[in-house]
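Take a look at the letters that make up each chain.
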Amino acid sequence: MAPEYAMGGIFSIKSDVFSFGVLLLEIISGRKNNGFYFSEHGQTLLTYTWKLWCEGPAVELIDPVIKQSCAPDELLKFIHIGLLCVQQDPADRPTMSSVVVMLASDSMTIPQPTEPAFSVGRVVANSGHFLSPDKVCSVNNVTVSDVSPR
């Protein structure tokens, strides 16, 4: 979900571009964005991709299943385009028609991406954490809420 929509409810055609960029990076990496924080990298898919793009090697992001059947240069181009699509400022994101042209062209110069939009991390309780009976907050004994202040 595009950050401008998540934070302010602002939706535009650039929101779809953001979603496409996330989907493209998920396909290339073979990992879901919403489950990436469970990985050994401890980051979101977008921040991990950006880190690999800046510090290298970005080919580490590529799913081994597709790495064997595709040219590494082409996959790096797709990562590049995916990062352009998930930029923080919607005005910096390309239009979908530009994305299609970039994907199809082998000679087009692609602009450098800026850091992707922020990602809200999730806190995962450790496996040894259980609620004590006096802390269970449930009206119907089906749901459990663990209330903790900010």
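Residues numbered from 1 in each chain as written. Predicted model: local features only at pLDDT ≥ 70, side-chain atom pairs only at ≥ 80, totals over all residues. Heavy atoms only, no water.

**A closer look at the nonpolar core**
Core analysis: the largest hydrophobic core is formed by 26 residues, its most contacted members being Phe18, Leu61, Ile79 and Ile81. Where this core is concerned, the elements lending two or more residues are α2 (13-29), α3 (45-55), α5 (72-85) and α6 (96-104). Counting residues per element, this core draws most heavily on α5, which supplies 7 residues. The residues contacting phenylalanine 18, other than those within four sequence positions of it, are Met1, Ala2, Pro3, Leu46, Cys85, Val86, Gln87, Arg93 and Ala117. (Core = buried A, V, L, I, M, F, W, Y, C linked by side-chain atoms within 4.5 Å. Buried < 20%, exposed > 50% of the residue type's maximum accessible area, 1.4 Å probe, protein only. Helix = DSSP H or I, 4+ residues; strand = E, 2+ residues; numbered from the N terminus. Contact = heavy atoms within 4.5 Å.)

**Details of the packing of α5 against α6**
To characterise two packed helices, one gives the angle between the axes of the helices and the distance between these axes. At a minimum axis distance of 10 Å, the contact between α5 and α6 shows a crossing angle of 170°. By the angle class used here, α5 and α6 are roughly antiparallel. Between α5 and α6 lies a crossing whose hand is right-handed. Of the residues in α6, those in contact with Lys77, Phe78, Ile81, Leu84 and Cys85 of α5 are Val99, Met102 and Leu103. (Axes fitted to C-alpha atoms, helices over the stretch in contact; angles between N-to-C directions. Parallel < 35°, antiparallel > 145°, perpendicular 65-115°, else oblique. Left-handed = near helix turned anticlockwise from the far one by under 90°.)

**Examining the side chain of threonine 49**
Relative to the helices and strands, threonine 49 resides in helix α3. Not counting residues up to four positions away in its chain, the partners in contact with threonine 49 are Leu25, Leu61, Ile79 and Leu83.

**Description of the pattern of salt bridges**
Per the stated rule, a full pass over the model turns up 1 salt bridge. Note that aspartate 106 is salt-bridged to lysine 77, the shortest N-O span being 3.7 Å. Linking aspartate 106 in the segment after α6 with lysine 77 in helix α5, this pair joins segments that are 29 residues apart in sequence. With a relative accessible area of 15%, lysine 77 lands in the buried category. (Salt bridge = Lys/Arg side-chain N within 4 Å of Asp/Glu carboxyl O.)

**Comments concerning the packing of α2 against α5**
Contact geometry of α2 with α5 gives a least axis separation of 7 Å together with a crossing angle of 150°. Taken together, the axis directions place α2 and α5 in an arrangement best described as roughly antiparallel. Here α2 runs over α5; the crossing is left-handed. Residue-level inspection shows Val17, Phe18, Phe20, Gly21, Leu24, Leu25 and Ile28 of α2 in contact with α5, the latter providing Leu75, Phe78, Ile79, Ile81, Gly82 and Cys85. Among the residues making up the contact of α2 with α5, the classes are represented as 11 nonpolar, 2 polar and no charged. (Nonpolar A, V, L, I, M, F, W, Y, C, P; charged D, E, K, R; others polar.)

**Side note on the confidence of the model for the protein chain**
Overall, the predicted model of the protein chain reaches an average pLDDT of 79, with 72% of residues at or above 70. Taken as a whole, residues 120-136 scores under 50 in pLDDT and shows 9 contacts with residues more than four places along the chain or in a different chain. (pLDDT = per-residue confidence, 0-100.)

**Considerations on α5**
With 14 residues, α5 should cover 20 Å at 1.5 Å per step; its first-to-last C-alpha distance of 20 Å lies within 8% of that length. Burial of α5 is extensive: 10 of the 14 residues sit out of reach of the surface. What α5 keeps buried is the set Leu75, Lys77, Phe78, Ile79, His80, Ile81, Gly82, Leu83, Leu84 and Cys85. Against α2, α3, α4 (64-67) and α6 lie the buried residues of α5. (Expected span 1.5 Å × (residues − 1).)

**Things to note about unusual backbone geometry**
That bond from glycine 56 to proline 57 is cis: its omega, -15°, falls within 30 degrees of zero. Position of proline 57 among the secondary structure elements: in the loop between α3 and α4.

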